Each structure stands twice: as structure tokens, then as C-alpha cells.
Amino acid sequence: MEIRSDSLDFSMPVRGSGPRPASKTMVFPRGVTAAVAGLAGYMTEFSGGDDHHVGMIDVRLATDINGDAVTVTGHFGLRDWSGDWDDNYDGLINFTVIAELESITAPPPRGDLAISGVEFNQATQFFRAGRFLDPTNVRPDNSVFLIEGKNTGVRVYVDYDSSSGLPPISTLSGELIVSNGSGSTTLSPINPTIAPKRDALINQAQANDTLNFMIPTGLSAGSVTVRCRVFDSADPTSVSHAATHTLGFTRIEPLNVFLVGVNTLSPAASAPTQAAVAGAMSLLMSTYPRGLVNFTGFNTITLTPAISGLAPASGCGDGWETLLDQLRDLKGGSGDIYFGGLPPGISAAGVIGCSPVGERIAASFIDRLGTVPHEVGHSLGLEHDPCRGCSPPAQDPNNDYPRYGTFPSDSIGVFGFDPTTNTVFNPTSALDFMTAFLPGTPWVSPYTYQALLGPTQGGPAPGWAMSLRGGERETLFLGLQIGRDRKVERRVSFHHPAVMQGTSRPQSAFIYEFLDADRRVLDCGHLHCICETEDCACWPKTTRDALPYPQGAAFLVVYEDEKMLYEEPIPDPPKVIGGKTQSGKDGITISWKDSADAKAYLVHYRDAKGRAWRALAPRTTDTSAVIPWTLIARSRKLTVRVLASSGIATGHAEIELAAGDKPPPDVHLTLLGNGSLSEGPYEIPAVPTVLATDGAGGQVSDVHLQWVDGRGGSLGRGRQVDLRQLPNGRHVIRVVVRGHGGRTAGKSWVVERNRDRFTLHAAVRDPPRRPRGPVHEHPHPAPPPSKE
């Protein structure tokens, strides 16, 4: 073991970016098997004696080992409360390296074989970017930070000198040892062998020019050390020096998505199942900077208007806008994204998806996989990439999107990588999924990847933060339409507590005011238009704004400049009377008396797990509703409220429902993919995903999921399993749910591996469970009467 100390200098004042990197390489007398860099101290300041409140200090160290060399990379950043790197800062990092050296008696590694670089790529990554990007867009290697709980691709670049005179190597293989505080796991490459070549001849666009590994979600957490060796596949003792890196994974909050299956009447098509809608999220889950996309529930709705044709400049068309209105109703006070999945096979030319920017609702056809991350991106605040030179031009483009060198407009800029399929995405042809004209296989750029993180890391970015924080506030979900003649028509609107809502839709020239009974202004602001162009030129002007609703509001007034167009008195809210309940087979029916003042009703239930009010269904004029047992039994007790609106004023009544002796809903396990689980064969991905949900569609946490083989041996944890660890042939795989609701559930499948092809043959049915019921006591029988 050797211990050395040094420092990294950041004394040059810098502003405009951060954290900034610096590195130092130390050479040891023998190969290094393990090394760690510890922080011995640091100094930081705003340069020139500037006085600012400290918003963030970022000081990080990482070590990379290549043979006998250890490279320490430090990241250093300082900014104030503004969230921008707009002030000069400087500093110093002192560090100490503790290195474990190879045994002096160990056989030497091959001198003609060296690991020349290791890339860590969860979807997008800068690596050797100086070879193909313009200097403005170049970033240090592996500077896109890693996210906890996301599959991590590892591409190992190997330099082989065939002219050294040593015995030749025809194919290379290797191993990756992943170590954390609980032990070590040895991973085999996902492309078992590669042809060796000189580093200068490696084509980064070819997946099999590098030896590739996948660190699964369960191991992509906290701080881990990875140690890689490559060797002659015909002689594993003929090895290279080991390359060792310390990785830190950042924990990011899950992206919560409530799934909605949409029945359509024109044309007639049944709503997709939850598994089908969840399966359409596959590209989103691969490309979004989230370790977990969490499905918080599932519902179905029916859409009456037809969805077809081209989008008018005033929106996506009546069918889409009706669907979005229904999703707004369902969303209630939740901060989740509500995604409406339309049936496959009926999408036509024209609009294939729609989402108002920043409003956390989105919809698309589920057979257009590239549209799903695109529309959800809009719902989170992202605009179109600029598509420079396109005709027609992109609507509402984000002109800050980088022009990556000589690549096409909207290129992903760097080489993307999907470790689940061992696929490289080439920036010469692959476009970012936020492009206005989606290609056949979109992927994600570093710019969009960072934008989807928002201010979670590294300061502000385009779009809203993915996580809405803070408590609920009274919010009016206002719907207005203003004609060219300036006639204002109001949609029946509801107000109720909700988390903060956002929108990036164009600001109109119309202003709203809330007045109290003495006509004093309580609140005011601009209304926003539903339209696809910045100037919002088309009529009528339609708005769907979520406005803070002030206590004591007695009038709603709409102005254009100084001219009042509309005034509406806000009466006392309607009274909701009743609360009658009746148990039935499907659930508990609640009913209430019709109010003469009420124009429409909404039924909300309190999702205790998600801590939000959600709507059972879109608005209705009915005075009764069935609350399913699955919702009630999931939490044992359920609070339901009925909202009644007279137009703006909204009254409500709450009802408490109990599950009684109804058992908690069973866990449903579905392997996402094509075909039916009871029939086969059909091809499945090498890394399939299980959808584990309770009766109400809420997803079971990954911590409860474990995969095992037919002998009970562990295959991994979480919702995904890597079938590439299985040998060729047929196998039984099983996912087990433990610790969810105090019960154990599981499901098995017969799968077959034939080289790189994986086939599901059948689902294996578990024995039927005993019916649940009350526990009966069985006392010992009384002794027979005495003969005496």
C-alpha cells in the first residue's frame, strides 16, 4: 500500500459554468489494484472579495486506475442563491490517495494489450468528443453524471498491438468487477467477444468495436468501484493491466406518471390495457434521466370526438383538446404527469400526440413509441428543437438547442448507448426526440437530458423542474374562449386545493382580475392561449389556465388592454347534500342530491400513498358514482369528496368509505412485451420488464421485487432482469414480490435463449390460493359421557 498527497488548483477566476474539472495523474512503481482519493481540505471564495450569499458549494473527487497510473479528477463549483454561475469564483482542493499495488510476484500483464479508455453511458455521454465535435460543445470525458437506479452501460476501449511479436490474439473477452459496501459482483460482457485492433482504428459508432458491459439497476447506486480486465478469450490467463474507476451515482426523485387508457368512438377502438400503455413508455424509460419511472395508477376514459387530421395553429384540434380537458379533470390536485394512451392501429397522418407545454398532461397513440417521450417532454416544459432549415419550420422552437458541429440540425450530438440492447446511436443520423419531425429511431441529446433534470443539478435549465415541491393551494382551473368579436364564453370550471401548476403556453393580450365584494383587486395576470405558434394569431383564443384562487373572490373580470370584455359575479358555492352509500359487487355507490346551482360534478378520492386528490372520472352531471373496491381496499379507508360547480364557485362534501372485510387487492404481475402471457412463443427483449401493480394500478416499489431462476438462485432485483446471464436453452424465470402489504406473490415464465434471441414460451401458473375468510376456532370435542 502507498499513500500520496497532492492538490488541484482552481485559482483562475471563472464564471458562467460549473462545476469545473481538474485532474492529476500519479504513477506508482507497480500496477494498482485499488485506489481511493480522500478530501484533505479545500478553499473556496468569490473572486475579488465579492460578497454573495452561498447557494451551493460542489467539491467532488473521483479516481481512475489504468495499470500503474492513478488519475484523480476533482470537480469544484461555487454559486450564489440565483442558481446561475454568474459570479467569478476560485479555490483549491487538497487530497490524499491510498493505493493498493499488485503483488510483486504476480505474472506480468501482456505488454501488447492495454485498456485505453472506459466510457460510462446510461443514455448519453461525452467521450472523446474532441474528435468529432466543435470546441464550443466539447465536454470532458464522462462528464454526464450517473443516476442511481438506472442501467449503466460500460464501453471498454482496448488497444492491441499485433506487431509486438507476442502470441497473437484472435478474439478478446473480459470481466468487470463491481464492488460496493456489501460485496463484489463479477459481470460478463454483453457482447461476449470482440476482434482486437489498434485504438486509432476503433469506430465509436460500432457497438462491437468496444467490449461492453451493463451494470444493472440494483448495483447502480451509491459509490461503487469497477475494475475491468480484458484477456485473450482462448487463454484467460493472458490478460491486460486492470483499469479501475470509482463511480458515484446521484439519487434523483422518480418521475411519477398516472396512466390512462382511452376508449375511442370515432373510430371505435377499445382502451389499451395498463400493460400496453406502460409498454409504450419503453423509450422514455431508456432515455429520461430517471432511475425510476413510477406508475402511480391506471384509469380508463371514453373519448367521443374523432382524433384525426392536421393540427390547426390554435391547438391540436377538437378531439385532442377534448382529451386533454378530460385528463385535466382526472389529474385533480396531483402533481403527477397524466398520460393518455390511445389505441394502436388507428393513428393517421397528422397529429399523433399532443401536450400543452408545462402542464404535466400528455397524450399520444401508443404504437408511436417516439412520440411518448416527446409529448411527456412538452408536458414538463420542453419546447421543440429548432430543426434549422426545415420546411415548414418547427413551431415554438427552442433556439438555444445546440448546433452540434456539422451534424444535422437536432442531432443528439454525441454517441448514445442503450446497454439493454447493446445499441449505439450515431449523432450523424440519430435525432433528439424533441425534434418537431420525429425520425424512425429518436434518442436523447446531452442538452435535453440536462433540461429534463431542471435545477436538480447544475443550476437552471430550459423547462420546469420535474418535481413539484410545496403544499397545496386553492386553484381555479379556468376555461375560457374569446371570439374575434371579443365575446367571452366560460367553460364550467372548478376550484379546489392542488399543487402548484405551471404552463409555458404563449401569453395572450387578455388579463384576468379577481375582485372582492368591494371591487378591490385581489389578484390579476395574463391569460395564456392554447396554440402552436408564439404570436397565437388564430381565433378564437382558448385558455386553460390554473390560477391561484383568492379567498373572498366575488367577481371575475377579463380585460383587453384597458377595455373590459367580461365580468361575472361569483356567487356562494353550491351545497352538496346527501352522501348516501350502498355496497355492491363492484364497489360502493355514493349518491347526492342534485343542486339547482350546480352545472357539473367531479368525484375525487384521496390517494394516501401519493398524498393527492385524484378524480375518479372526468366531470359529469350524474348524481351518483361507483367507487371500486380496489381503491377502497388498497388503503382500507378512503376519503371521497364530491365537488359541485355553478360555473366558478365550487362547493364540496366529503364521505368516508371503509373496506370492511374486503381483502387487500392482489398484486398483478405482467411481463411487458408483445403477445399474450398465456400463449407463445414470441420474442422478448434481452432485458425484459415486469409490471407489478396493486388492484388500483399503483406500481409496487422495486425494493419488493426479486428475480430467481428455476432452482431458486438469484438473478437480480428490481423490475428488470438481464436474460443474457443465462446460458443457451430453456429456463424458468420467476419474479417474487415480498414485503408488499405483508404478503408474498410471484409469477413464472418459460423462456429460451438462442444466442442473442430470447423467446417467451408460456407463463407458469401458480397453484390457486385458498379463499380468504374469517378465522374459525375449532375447540377440542367434549369427552364422552361417563358410563357410571
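What you are looking at is a predicted structure, and each value in this text was computed from that prediction instead of being measured.

Parameters and conventions
Residues numbered from 1 in each chain as written. Predicted model: local features only at pLDDT ≥ 70, side-chain atom pairs only at ≥ 80, totals over all residues. Heavy atoms only, no water. Salt bridge = Lys/Arg side-chain N within 4 Å of Asp/Glu carboxyl O. Helix = DSSP H or I, 4+ residues; strand = E, 2+ residues; numbered from the N terminus. Buried < 20%, exposed > 50% of the residue type's maximum accessible area, 1.4 Å probe, protein only. pLDDT = per-residue confidence, 0-100. Contact = heavy atoms within 4.5 Å. Phe/Tyr/Trp six-rings, centres within 6.5 Å; stacked < 30°, edge-to-face > 60°. Lys NZ or Arg CZ within 6 Å of the ring centre and 35° of its normal. Pairing = 2+ DSSP bridges. Disulfide = S-S within 2.5 Å. Axes fitted to C-alpha atoms, helices over the stretch in contact; angles between N-to-C directions.

### Overview of the pattern of salt bridges
Here the idea is simple: oppositely charged side chains can pair when their charged atoms come close. Taken as a whole, this structure holds 32 salt bridges when the rule is applied. Between E568 and R490 there is a salt bridge, and its shortest N-O distance comes to 2.8 Å. Taken together, the residues span a long stretch of sequence, with E568 in strand 30 (residues 563–569) and R490 in strand 25 (residues 488–498) at a distance of 78 residues. Exposure remark for E568: the relative accessible area of 12% places this residue in the buried category. A salt bridge links R519 to E567, with the nearest nitrogen and oxygen atoms 3.0 Å apart. Of this pair, R519 sits in the loop between strand 26 (507–515) and strand 27 (521–528) while E567 sits in strand 30, placing them 48 residues apart in sequence.

### Describing the confidence of the model for the protein chain
Taken over all residues, the pLDDT of the protein chain has a mean of 88, while the share at 70 or more is 91%. Low pLDDT (under 50) marks residues 455–470, which in the prediction has 42 contacts with non-local residues, meaning those over four places away or in another chain. Predicted confidence for residues 772–788 stays below pLDDT 50, and this span has four contacts to residues more than four positions away or in other chains.

### What about the packing of aromatic side chains?
Under the defined criterion, the tally for this structure stands at 17 aromatic pairs. When the ring of F10 is compared with that of F76, the centres are 5.1 Å apart and the planes differ by 35 degrees; the resulting orientation is tilted. Here F76 lies in strand 5 (residues 69–79) and F10 lies in strand 1 (residues 2–14), a separation of 66 residues in the sequence. A relative accessible area of 0% means that F76 is categorised as buried. Ring geometry for Y512 and F514: centres 5.6 Å apart, planes at 65 degrees, overall edge-to-face. Among the residues examined, F514 registers a relative accessible area of 0% and is labelled buried. Put simply, the rings of F10, F76, W85 and Y89 pair up and form one aromatic cluster. In this structure, R4 packs its charged tip against the face of F28, placed 4.1 Å from the ring centre. Here the basic side chain of R79 rests over the ring of W85, its NZ or CZ set 5.6 Å away from the ring centre.

### A look at the pairing of strand 40 (residues 690–693)
Alternating positions in strand 40 separate into two faces, V690 and A692 on one and L691 and T693 on the other, with burial throughout. Here strand 38 (residues 668–671) pairs with strand 40 via four bridges, running antiparallel. Bridged to H668 within strand 40 is T693.

### Let's talk about the state of the cysteines
Considering all chains together, one arrives at one disulfide under this definition. There is no disulfide at C524, and the cysteine sulfur nearest it, in C529, is 17 Å away. Classification of C524 by relative accessible area gives partly exposed; the value is 44%.

### Section: the sheet that holds strand 7 (residues 113–121)
Read from one edge to the other, the open sheet built from three strands follows the order 7-9-12, with strand pairing classed as antiparallel. Strands with a single pairing partner mark the edges of an open sheet, and in this sheet they are strand 7 and strand 12 (211–215). Averaged over all pairs of adjacent strands, the angle between strand axes in this sheet comes to 20 degrees, irrespective of strand direction. Pairing between strand 9 (residues 152–160) and strand 12: five bridges, direction antiparallel. Paired with T152 across the strands is I215, a residue of strand 12.

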